[in-house]
Amino acid sequence: MLCQECDKKPATLHFTKIVNGEKTEFHICETCARERGEGIPGTANGFSIHSLLSGLLDFEPAGNMNTLGAKPQQQLRCEHCGLTYTQFSKMGRFGCSNCYIQFGSKLDPIFKRVHGNTTHVGKIPKRTGVQIQVKREIEQLRRDLHMRIEQEEFEDAAQIRDRIRELERNIADV
């Protein structure tokens, strides 16, 4: 798609503006966007994807103070590359693979916020993934079964058990 302003360069920025309930879409190149003053607020040149992503990471209270407000919390730092969590949140990328381990305790809330979940389940092809879907359903049913047994809801547990057996028979037949 070409830029709607200059009709020369490819449109690399796609904006949707809603003003007074009216939706307007713009597809423009970076040069025309700068000339129009369109940009991503809070970035140096207006278009750093790392700055944009770091905005998603910036969810902790300003100043990183502990609950008593007496001292700032000790800064998390990667033992391998020396990157601090603050630097990571500003850059939006890690310094090395060890950063995943060092900052692990702070990553789950970020993943939950960005992706809606902390566990990657991937996609299953509809045509060939029937067995995988059934196995996942059985795993979920087993978790539900254990929960029902712990809560002493034995009638519900028996129904879940029967459903698991039925699904297992179906897999064996395939």
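Worth saying up front: this structure is predicted, and the values here are computed from it rather than measured. (Residues numbered from 1 in each chain as written. Predicted model: local features only at pLDDT ≥ 70, side-chain atom pairs only at ≥ 80, totals over all residues. Heavy atoms only, no water.)

Chemist: Break down the overall build of the protein for me, citing the residues and quoting the values.
Modeler: The number of helices and strands found in the protein is seven helices and two strands. The long-range fraction of contacts in the protein, counting pairs at least 24 apart against all pairs at least 6 apart in sequence, stands at 32%. Carbon together with sulfur atoms contributes 51% to the accessible area of the protein, which is approximately 13200 Å² in total. (Helix = DSSP H or I, 4+ residues; strand = E, 2+ residues; numbered from the N terminus. Contact = heavy atoms within 4.5 Å. Areas by Shrake-Rupley, 256 points an atom, 1.4 Å probe, with all protein chains shown as cover.)

Chemist: Which residues make up the pairing of strand 2 (residues 22–28), and what are the values?
Modeler: Of the strand pairs in this sheet, strand 1 (residues 13–19) and strand 2 are connected by seven bridges, and their pairing is antiparallel. Of the residues in strand 2, the one forming a bridge with Lys17 is Thr24. The turn linking strand 1 back onto strand 2 is made up of two residues, and Asn20 within it adopts a positive phi angle of 50°. (Pairing = 2+ DSSP bridges.)

Chemist: Can you lay out the nonpolar core for me, pointing to particular residues and giving the numbers?
Modeler: In this structure, Cys78, Leu83, Tyr85, Phe88, Phe94, Cys96, Cys99, Phe103, Leu107 and Ile110 together form the largest nonpolar core, which totals 10 residues. In contact with Cys96, not counting residues within four places along its chain, are Cys78, His80 and Cys81. Counting nine residues, the second largest nonpolar core, distinct from the first, contains Val134, Leu141, Ala157 and Ile171. (Core = buried A, V, L, I, M, F, W, Y, C linked by side-chain atoms within 4.5 Å. Buried < 20%, exposed > 50% of the residue type's maximum accessible area, 1.4 Å probe, protein only.)

Chemist: Break down the UniProt feature "domain: UVR" (unreviewed entry) in the protein for me, with residues and values.
Modeler: Using the residue numbers shown here, the UniProt feature "domain: UVR" (unreviewed entry) corresponds to residues 135–170. Across residues 135–170, the secondary structure splits into 92% helix and 0% strand, with the terminal C-alpha atoms separated by 11 Å. (UniProt positions renumbered as here; feature names shortened; annotations may be inferred.)

Chemist: Lay out the pattern of salt bridges with the relevant residues and their values.
Modeler: In total, this model carries seven salt bridges according to the counting rule given. Notably, a salt bridge pairs Glu25 with Lys23, separated by 3.9 Å at the nearest N-O pair. A residue is classified by how much of its surface remains accessible, and Glu25, at 42% relative accessible area, is partly exposed. Of the charged contacts, one joins Arg163 and Glu166 as a salt bridge, the two residues approaching to 3.3 Å between their closest N and O atoms. Of the two residues, Arg163 and Glu166 are both situated in helix 7 (residues 154–173); the distance of three residues between them amounts to about one turn of the helix. Exposure remark for Glu166: the relative accessible area of 37% places this residue in the partly exposed category. One network of salt bridges, in which partners are shared, links Glu137, Arg163 and Glu166. (Salt bridge = Lys/Arg side-chain N within 4 Å of Asp/Glu carboxyl O.)

Chemist: Talk me through the side chain of His27; I want residue IDs and the actual numbers.
Modeler: Among the secondary structure elements, His27 is positioned in strand 2. Residue classification places His27 among the buried residues on the basis of a relative accessible area of 15%.

Chemist: Tell me about the side chain of Thr84, and name the residues and values.
Modeler: With respect to the element layout, Thr84 can be found in the loop between helix 2 (49–57) and helix 3 (85–91). Filtering out sequence-adjacent residues up to four positions away, Thr84 remains in contact with Gln75, Leu76, Arg77 and Phe103.

Chemist: Mind laying out helix 7, listing which residues take part and the relevant values?
Modeler: Side chains three or four residues apart in an α-helix point the same way, a direct result of the helix having 3.6 residues per turn. With 20 residues, helix 7 extends 29 Å between its outermost C-alpha atoms, agreeing within 8% with the 28 Å of an ideal straight helix rising 1.5 Å per residue. Three or more residues of helix 7 are buried, namely Ala157, Ile160, Ile164, Leu167 and Ile171. An end-on view of helix 7 places all buried positions within 85° of arc, on one side of the element. Turned more than 90 degrees away from the buried face of helix 7, the exposed residues are Phe154, Glu155, Gln159, Arg169, Ala172 and Asp173. Looking at the buried side of helix 7, the elements it contacts are helix 6 (130–150). (Expected span 1.5 Å × (residues − 1). Arc of directions from axis to C-beta.)

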